[in-house]
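Residue-level listing of the chains:
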Amino acid sequence: MWPVGKHEDDESIMSVTTWPTVLSEEATITKLHEGYSLARYGDAELSMMQGKDSFHEPANPALAAELRQILLEPATQCLRGIPTMDPRGPKYAGWMTRREVFAAFLSPDGPYGSAFVSREDAAPWIGTPAYAEYVRAVWHNKKVALVCEPNNVLWLSIAYRARKVVYVPCPYRETFGALPAIERDVLHCRPDCVVLACGAAATVLAHRLTQRGIQALDLGSIGPLLARYLPERLMGASLVTLRHPVCCDSRSQRALLQQAGFEVLAMSESIGGDRHG
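One structure accompanies this document, and this report is about it. Keep in mind it's a predicted model, so treat the numbers as computed, not measured.

**So, the nonpolar core**
Phase 1: Ranked by internal contacts, the top residues of the largest apolar core, which has 77 residues, are Phe102 and Trp139.
Phase 2: Broken down by element, this core gets its largest block of residues, seven residues, from helix α9 (residues 200–211).
Phase 3: Those residues in contact with Trp139 that sit more than four places away from it in its chain are Val144, Ser157, Ile158, Arg161, Ala162, Cys193, Val195, Leu217, Leu219 and Leu226.

What follows is the structure, encoded as structure tokens:
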């Protein structure tokens, strides 16, 4: 591990005895409807900021430093998602044991959104049809860039409400090193918003894209919840029929999506004729 760059006399760092006010999950989604991006912090991000490995990313000083900086100086339109410390949550006791460690990385300046907007295991009350539809409505009729692995079930829920979906693949591990290429591909397709499901790298990418004027939503792990409340006609892969194409470059990924019933175009085929679509 390496030094985290904090000092006891640094007034920009929150006292470990305090915890900021955090918006509820529904209120956080409301902020997304207002155009805010979301960069979430959970177990993996806390480990990375401490100089440790996470499941998808090895310890990386550059990633750790960027994660810490976002917490202290976020872009104006980027909402930082952190644990709510809501005692109703089934993971409350576990988070309380890490509260002081986490709080040492926080700025006292809000607002803060909930990191649990996509984590039914931490906030079981979000598991309702109304909540799922409220989330999907964020990208209703928009051109969406989806950054995730090809087998992520987010496909269905994004495509169900979006006007168009462009797929930008990410690796299963060590995504942070691939961010320059991923960011370039996202910018190339000129989306209205971006949905991210790529671990700790999603937190960083959400903030970078916000700085470029693009709404970016770090919503990893929300796929199963949203898929559960899709219309029955979409629940079976063989029954999926979409009004618009999903765009993808990889042959293997295109084949996988075609088997699931999606119309799939290479990204270059779509972008070339839809620069502002």
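Moving on from the coordinates now.
**Re the packing of helix α3 (residues 61–72) against α9**
Phase 1: With their axes 10 Å apart at the nearest point, α3 and α9 run at an angle of 55° to one another. Relative to α9, the element α3 lies oblique. Considering the relative orientation of α3 and α9, their crossing is left-handed. Note on element contacts: α9 touches α3 through Ala200, Thr203, Val204, His207 and Arg208, opposite Leu63, Glu66, Leu67 and Ile70.
Phase 2: Looking at the contact of α3 with α9 residue by residue, the class counts come to five nonpolar, two polar and two charged.

**Some thoughts on the environment of Asp43**
Phase 1: Looking at where Asp43 falls in the secondary structure, it is placed in helix α2 (residues 43–49).
Phase 2: Among the residues examined, Asp43 registers a relative accessible area of 38% and is labelled partly exposed.
Phase 3: Those residues in contact with Asp43, other than ones at most four positions away along the chain, are Trp95 and Arg98.

Conventions used here
- Residues numbered from 1 in each chain as written.
- Predicted model: local features only at pLDDT ≥ 70, side-chain atom pairs only at ≥ 80, totals over all residues.
- Heavy atoms only, no water.
- Core = buried A, V, L, I, M, F, W, Y, C linked by side-chain atoms within 4.5 Å.
- Buried < 20%, exposed > 50% of the residue type's maximum accessible area, 1.4 Å probe, protein only.
- Helix = DSSP H or I, 4+ residues; strand = E, 2+ residues; numbered from the N terminus.
- Contact = heavy atoms within 4.5 Å.
- Axes fitted to C-alpha atoms, helices over the stretch in contact; angles between N-to-C directions.
- Parallel < 35°, antiparallel > 145°, perpendicular 65-115°, else oblique.
- Left-handed = near helix turned anticlockwise from the far one by under 90°.
- Nonpolar A, V, L, I, M, F, W, Y, C, P; charged D, E, K, R; others polar.

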